[in-house]
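Take a look at the letters that make up each chain.
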Amino acid sequence: MTMKYFSDCHFHVMTMNEPNFAAFFSSFYDSASGILSANAAPNYIITPQVMKGDNFLNMLTNTLSAFDRPIGETLMMMEDDLMGMFTSERKKEYAPLLPYIHDGHFHIRGMEAEKLLMVPLIMDFTQNPERMEKIYYSLPQEDRVIPYTKAMLEGIREYRKRRPDGLFEFYPFIGIDPGIHTMQFLETLLDRYVNTERHFHTGGEKNTKPCYGIKVYPPLGFRPWPNDKEKLERNRTLYAFCEEKGIPIITHADDQGFRGVSAEEAWANTDPASWRTVLENYPALKIDFAHFGKQYAIAQRSNVQSISARLRHHPDSPWFYSIISLMMDFDNVYADLSFSGCSAEFYKELSTYLNDQKSEKRERITRHILFGSDFSVNLLKVESYTEYFSILEHSPFTDEEIEAFGSTNVINFLGLSEKPGSPSGRRKAVKGLKRP
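Conventions we followed
Residues numbered from 1 in each chain as written. Predicted model: local features only at pLDDT ≥ 70, side-chain atom pairs only at ≥ 80, totals over all residues. Heavy atoms only, no water. Helix = DSSP H or I, 4+ residues; strand = E, 2+ residues; numbered from the N terminus. Buried < 20%, exposed > 50% of the residue type's maximum accessible area, 1.4 Å probe, protein only. Contact = heavy atoms within 4.5 Å. Expected span 1.5 Å × (residues − 1). Pairing = 2+ DSSP bridges. Polar contact = N/O pair within 3.5 Å; in protein donor to acceptor, adjacent residues only side chain to side chain. Patch = residues over 30% accessible without salt bridge, like charges linked within 9 Å, V, L, I, M, F, W, Y side chains within 5 Å. Areas by Shrake-Rupley, 256 points an atom, 1.4 Å probe, with all protein chains shown as cover. Salt bridge = Lys/Arg side-chain N within 4 Å of Asp/Glu carboxyl O. Lys, Arg positive; Asp, Glu negative; His and termini not counted. Charge placed at Lys NZ, Arg CZ, Asp CG, Glu CD. Axes fitted to C-alpha atoms, helices over the stretch in contact; angles between N-to-C directions. Parallel < 35°, antiparallel > 145°, perpendicular 65-115°, else oblique. Nonpolar A, V, L, I, M, F, W, Y, C, P; charged D, E, K, R; others polar. pLDDT = per-residue confidence, 0-100. Phe/Tyr/Trp six-rings, centres within 6.5 Å; stacked < 30°, edge-to-face > 60°. Lys NZ or Arg CZ within 6 Å of the ring centre and 35° of its normal.

## Some remarks on the overall build of the chain
(1) Moving on: When you go through the chain residue by residue, the secondary structure sums to 17 helices and 12 strands.
(2) Moving on: Burial analysis of the chain (436 residues in total) assigns 58% to the buried set.
(3) Moving on: Across the chain, the fraction of contacts at a sequence separation of at least 24, relative to all contacts at a separation of at least 6, is 80%.

Spelled out as structure tokens, the structure:
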């Protein structure tokens, strides 16, 4: 029997125990201009204008409710949502006629999938000792990656125990910032947790090495190519391992996020152009630029290129075009739609941009776009997991493009294949397309 997949290649589940709020608040040092510049943007996560709205408290409470429960329960809540078990009092412009999961399968447009390939991203919230020196009640250096990883794996086990026939199949990415850990810690983490066999699961998640990729997060302080020799050596160890073993990396790539450094430093670290040196040294490295480089701060979109893009109804973020440049120069550069897909307008701009490209360039870009949600952070912009899928379903992309974004491309990015000798043979992504 052939298995069919649809995917969410980028989402977060965590409780209030995992984030390092001390590191978050330390980011307000020396960053007043960045904070003001960012929050002046009308579509930023939380702006003074949004906070004045009548629905702000409901939105914030809804978001926090996803953090106020064990990870396993959150995973089941996400599946319940796709099964239509929650209702909304609000009139929806984007709403499915039937729940996305019905009759034992996942459905979107005319596609039908037997499983949802889910990629939860584990963050490295370990505090940076250099930043915490200014804090009066600073804590000693303490690893926060391994406890979060164990909590995630326990949540997945709980999901599998309570839903042996559930549609979710998990391929976690483990977070790491080599700049704030020792080489020994880095090597131990890679050896203990990162699965290099790149096979689909069979019979549940029973692999001894449960993580299928690496998550790095520049707004917390990660630098792709640091000046410090020892930090660079640790980064290079990570890149060499990932390139050799085909392990994919996902990096944050918009100008918002959970910061542990000033806004200006976070933006410098996050700029996709800062990865060009990495890719010149490791050209086969698989890397996904999350959020497709979306920039919200007005100051970052006031250049001639951005103004020209807006006139053509194209994405106007300079980082978007940096990613496209890397995508054209290196075979394994991807971009995902997480959080940016909260806006139907973003999908319209991206579709218009693709339609305006020559066929060869358009096809190359289309093969390197991944669907992700950024749940539960995206609840600051949409009401539910279902609504996020609905915005994609009502986007101007063709059925074939949505199949590529949500299935074929994600499987290629993860490098998954059937285990040798498996009776099910080579797995396909989704059933043949059927027009609704």
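## Quick word on the environment of Gly84
(1) Moving on: Along the polypeptide, Gly84 turns up in the loop between helix 5 (71-82) and strand 2 (101-102).
(2) Moving on: In this structure the C-alpha to C-alpha distance between Gly84 and Tyr100, which are 16 residues apart in sequence, comes to 7.5 Å.

## Notes on helix 9 (residues 229-245)
(1) Moving on: Compared with an ideal rise of 1.5 Å per residue, which puts 17 residues at 24 Å, helix 9 spans 24 Å between its outermost C-alpha atoms and is within 8% of the ideal.
(2) Moving on: Among all positions in helix 9, only Leu232, Arg234, Asn235, Leu238, Tyr239, Phe241 and Cys242 are buried.
(3) Moving on: Where helix 9 is buried, its residues meet helix 8 (183-193), strand 8 (213-216), strand 9 (249-251) and helix 11 (276-281).
(4) Moving on: The positive-phi residue at the C-terminal boundary of helix 9 is Gly246, with phi of around 70 degrees.

## A closer look at the sheet that holds strand 3 (residues 105-108)
(1) Moving on: On the basis of which strands lie adjacent, the open sheet formed by three strands has the order 2-3-4 and antiparallel pairing. Edge positions in the sheet fall to strand 2 and strand 4 (111-113), since each has one partner strand and no second.
(2) Moving on: Of the strand pairs in this sheet, strand 2 and strand 3 are connected by two bridges, and their pairing is antiparallel. Within the sheet, the bridge partner assigned to His102 lies in strand 3 and is His105.

## Concerning helix 12 (residues 304-311)
(1) Moving on: Here helix 12 starts with a cap whose side-chain oxygen sits 3.1 Å from the backbone nitrogen of Gln305, and that cap is Asn303.
(2) Moving on: A positive phi of about 60 degrees marks His313, the residue just after helix 12.

## Section: a negative patch on the surface
(1) Moving on: A cluster of acidic residues, Glu187, Asp228, Glu230 and Glu233, forms a negative patch on the protein surface.
(2) Moving on: Relative to the assigned elements, Asp228 resides in the loop between strand 8 and helix 9.

## Focus on the pairing of strand 1 (residues 5-11)
Successive side chains on a regular strand alternate, one facing one side of the sheet and the next facing the other.
(1) Moving on: Along strand 1, seven of the seven residues are buried, which leaves the element largely enclosed by surrounding structure.
(2) Moving on: Taken together, the five bridges between strand 1 and strand 5 (residues 115-120) define a ladder with parallel strand orientation. Note that in strand 5 the partner of Ser7 across the bridge is Leu117.

## Quick word on the packing of helix 14 (residues 344-355) against helix 15 (residues 359-366)
(1) Moving on: Packing of helix 14 against helix 15 leaves a shortest axis separation of 9 Å and a crossing angle of 140 degrees. When the axes of helix 14 and helix 15 are compared, the pair comes out oblique. On helix 15, the residues touching Tyr353, Leu354 and Asn355 of helix 14 are Lys361, Arg362, Ile365 and Thr366.
(2) Moving on: Looking at the contact of helix 14 with helix 15, its residues break down into three nonpolar, two polar and two charged.

## Structural notes on the sheet that holds strand 12 (residues 369-370)
(1) Moving on: One open sheet accounts for six strands, arranged 7-8-9-10-11-12; its pairing is parallel. The open sheet has two edge strands, strand 7 (173-175) and strand 12, and neither has a second partner.

## Some remarks on the pairing of strand 11 (residues 333-336)
(1) Moving on: Here strand 11 shows no split at all, with Val333 and Ala335 on one side and Tyr334 and Asp336 on the other all buried.
(2) Moving on: Here strand 10 (residues 287-289) runs beside strand 11; their pairing, made up of three bridges, is parallel. The residue of strand 11 that forms the bridge with Asp288 is Tyr334.
(3) Moving on: Where strand 11 lies against strand 12, two bridges are found, and the strand directions are parallel.

## Notes on the pattern of salt bridges
(1) Moving on: This structure, assessed with the given rule, holds 13 salt bridges.
(2) Moving on: Put simply, Arg163 and Glu79 hold a salt bridge, and the shortest N to O gap is 3.0 Å. On the criterion of sequence distance, the pair formed by Arg163 in the loop between helix 7 (145-162) and strand 6 (168-170) and Glu79 in helix 5 is long-range, its members being 84 residues apart.
(3) Moving on: Measuring nitrogen to oxygen at the nearest pair gives 2.9 Å for the salt bridge that ties Arg301 to Asp316. Of this pair, Arg301 sits in the loop between strand 10 and helix 12 while Asp316 sits in the loop between helix 12 and helix 13 (318-329); the two residues are 15 residues apart in sequence, bridging distant segments of the chain.
(4) Moving on: Its relative accessible area of 14% is what places Arg301 among the buried residues.
(5) Moving on: Each of Glu79, Asp80 and Arg163 takes part in one network of salt bridges that share partners.

## Some points on the confidence of the model for the chain
(1) Moving on: Overall, the predicted model of the chain reaches an average pLDDT of 86, with 80% of residues at or above 70.
(2) Moving on: Predicted confidence is poor over residues 423-427, with pLDDT under 50, and the contacts of this stretch with residues over four places away or in other chains come to 15 contacts.

## Focus on the packing of aromatic side chains
(1) Moving on: The final tally for this structure, using the stated rule, is 29 aromatic pairs.
(2) Moving on: Both rings, one in Tyr171 and one in Tyr212, keep their centres 4.9 Å apart while their planes meet at 75 degrees; by these two values the pair is edge-to-face. Here Tyr212 lies in the loop between helix 8 and strand 8 and Tyr171 lies in the loop between strand 6 and strand 7, a separation of 41 residues in the sequence.
(3) Moving on: By relative accessible area, which is 0% here, Tyr171 ends up buried.
(4) Moving on: Taken together, Phe6, Tyr100, Phe106, Phe371, Phe375, Tyr385, Tyr388 and Phe389 form an aromatic cluster joined through their ring pairs.
(5) Moving on: Between Lys294 and the ring centre of Tyr296, over which it is positioned, the NZ or CZ distance is 5.7 Å.

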